[in-house]
Structures are given as C-alpha cells and as structure tokens.
Amino acid sequence: MPDVALNFELDAHDTRILAELQADARLTMSELGRRVHLSQPAVTERVRKLEAAGVITGYRATVDLGRLGYGIRALIRIGRAEYARVIKLIQQTPECINAYNVTGEDSWVLEIAVIDVAHLDSVVSKFCLLTETATSIILNPAREHQPMLPPRREDVKPPIRKVTQA
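Rules used in this analysis
Residues numbered from 1 in each chain as written. Predicted model: local features only at pLDDT ≥ 70, side-chain atom pairs only at ≥ 80, totals over all residues. Heavy atoms only, no water. Phe/Tyr/Trp six-rings, centres within 6.5 Å; stacked < 30°, edge-to-face > 60°. Helix = DSSP H or I, 4+ residues; strand = E, 2+ residues; numbered from the N terminus. Buried < 20%, exposed > 50% of the residue type's maximum accessible area, 1.4 Å probe, protein only. Contact = heavy atoms within 4.5 Å. Polar contact = N/O pair within 3.5 Å; in protein donor to acceptor, adjacent residues only side chain to side chain. Pairing = 2+ DSSP bridges. Axes fitted to C-alpha atoms, helices over the stretch in contact; angles between N-to-C directions. Core = buried A, V, L, I, M, F, W, Y, C linked by side-chain atoms within 4.5 Å. 1 Å grid on protein atoms, 1.4 Å probe; cavity = no way out; pocket = protein on both sides within 12 Å on 5 of 7 lines; lining within 4 Å. Points joined across faces, edges and corners; volume = space filled by probe spheres on them. Parallel < 35°, antiparallel > 145°, perpendicular 65-115°, else oblique. Nonpolar A, V, L, I, M, F, W, Y, C, P; charged D, E, K, R; others polar.

Enquirer: Is there a simple way to think about the packing of aromatic side chains in this case?
Expert: By convention here, two paired aromatic rings are described through the distance between centres and the angle between planes. Applying the stated criterion to the full structure yields 1 aromatic pair. When the ring of Tyr 83 is compared with that of Trp 108, the centres are 5.4 Å apart and the planes differ by 40°; the resulting orientation is tilted. Linking Tyr 83 in helix α4 (residues 83-91) with Trp 108 in strand β3 (residues 108-114), this pair joins segments that are 25 residues apart in sequence. When its relative accessible area of 4% is taken as the criterion, Trp 108 is described as buried.

Next up, the structure:
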C-alpha cells in the first residue's frame, strides 16, 4: 500500500503540474513548463521527483469502450468468497476493467465491459459460481477520471453537530 505521507511537501508548482498532467499527459516538458511558469529543466526535475515519490504512478491513454465494440458497462457486486479464487477469476476475465475489494455487504465490486447482454450473462455467470452476485448496468457515467490534487485542510468542512440544550 502506498505511503500516505510524502517525503516532501507539494508546493503550488507541483500541484499545478499534477493538474496539467491529469488533464493532458501528452504535454511536452517545455509546454508543461510554460503552463506552470517554470523552465523545461525545472519542470522535468519536478516531474521526476513526483514519479520517484510515487505520486505519479503512470501515464495511459483513455479509450472509448463503445467505439471498441463494448456496448455495455456494468458493475458486479460479489458477496463473500475465497479471496484467492476471486483474484484468480478476475485475472482470467479480460472484460474486468477495475476490481475493488471493499467493506460492507459485498466483498468485491467489479467494473466490466461487454459486447451485449449475452456476453454480460456469460461473464456474470462465472462469478455466480463463487457466491451471490448482483449486477447493475451503467446507464450514464456522471463522472470519470476526476483529476485529484492534494487535499487542503481549509477545503474540509467540519461535520455538522447536533446542538443540545444544556
């Protein structure tokens, strides 16, 4: 599990670098430097430090699954099952985009992409052999790939407390 605390403090330049790279990871270092008001060597060094610290873990292309032929995205919630068996089945299921071991009533939540309902049935059926499942088809993703920046204490609102009479 990655360390929550960093070995160094992120400053305003680092935060802007993270925002820019999350918006467009294909930026050249010179363009990134121009956008965050740093020289190309300075921004390159900062990006390398962010990578070395594990803040930036990789770069990837985001693809449109519908254009690749996957007409349905769904979430499969999986009940309690032997951890190793679930992991093995996830690894053998190329339709599984994301897999999360979670707390609560379900032990796992999987996001899958399939061609059609018959394909959905065949994928879900594999997991049904392990334990109870529940499946929801994603109709419209309201938010995906939200850029994340370091949390700021001033943005965190305190919980609402019930006022009691003394």
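Enquirer: So what exactly am I meant to see when it comes to the environment of Ser 136 here?
Expert: Along the chain, Ser 136 falls in strand β4 (residues 133-137). The spacing of Ser 136 and Ala 25 is 111 residues in sequence and 32 Å in space, taken between C-alpha atoms. When neighbours within four sequence positions are excluded, Ser 136 is seen to be in contact with Arg 73, Ala 74, Leu 75 and Arg 77. A polar side-chain atom of Ser 136 sits 3.0 Å from a polar atom in the side chain of Arg 77.

Enquirer: Is there a simple way to think about the sheet that holds strand β1 (residues 72-78) in this case?
Expert: Consider a sheet: its strands pair through backbone hydrogen bonds, and that pairing is either parallel or antiparallel. The antiparallel open sheet is built from 4 strands, whose spatial order is β2-β3-β1-β4. Both edges of this open sheet fall to β2 (96-101) and β4, since each of them pairs with a single strand only. Ignoring which end each strand starts from, the neighbouring axes of this sheet average 15° apart. In the sheet, β1 pairs with β4 via 5 bridges, with the strands oriented antiparallel. Residue pairing across strands places Arg 77 opposite Ala 134, the latter belonging to β4.

Enquirer: Is there a simple way to explain the nonpolar core in this structure?
Expert: Generally speaking, nonpolar side chains in soluble globular proteins are found buried as a group. Membership of the largest hydrophobic core comes to 17 residues, with the highest contact counts inside it found for Ile 76, Ile 90, Leu 110, Ile 112 and Phe 127. Counting only elements with at least two residues in this core, the list comes to β1, α4, β3 and α5 (117-128). Core analysis: the next-biggest nonpolar cluster, separate from the first, contains 11 residues, Ile 17, Leu 18, Leu 21 and Leu 38 among them.

Enquirer: Quick question: what am I supposed to make of the layout of surface pockets here?
Expert: Over the atoms rolls a probe the size of a water molecule, and in doing so it shows where empty space is left. Here the largest pocket is characterised by a volume of approximately 1300 Å³. For the lining of the largest pocket, the secondary-structure elements that each account for two or more residues are α1 (12-23), β1, β2 and β3. Top element by residues in the lining of the largest pocket is α1. It accounts for 4 residues.

Enquirer: Would you take a moment to explain the packing of α1 against helix α3 (residues 40-52) for this structure?
Expert: In helix packing, the relevant descriptors are the interaxial angle and the interaxial distance, both defined with respect to the helix axes. With their axes 11 Å apart at the nearest point, α1 and α3 run at an angle of 80° to one another. Comparing their axes, α3 and α1 come out roughly perpendicular. Side by side, α1 and α3 meet where His 13, Asp 14, Ile 17, Leu 18 and Leu 21 of the first sit next to Val 43, Arg 46, Val 47 and Leu 50 of the second. The residue inventory of the contact of α1 with α3, partitioned by class, reads 6 nonpolar, 1 polar and 2 charged.

Enquirer: Looking at this model, I keep getting lost on the environment of Arg 80. Mind explaining?
Expert: Inspection of the secondary structure assignment puts Arg 80 in the loop between β1 and α4. Under the relative-accessibility criterion, Arg 80 is labelled exposed at 72%. Sequence-wise, Arg 80 and Lys 126 are 46 residues apart; in three dimensions their C-alpha atoms are separated by 15 Å. Discounting chain neighbours no more than four positions away, the residues touching Arg 80 are Ser 107 and Thr 131.

Structural measurements only, silent on function.
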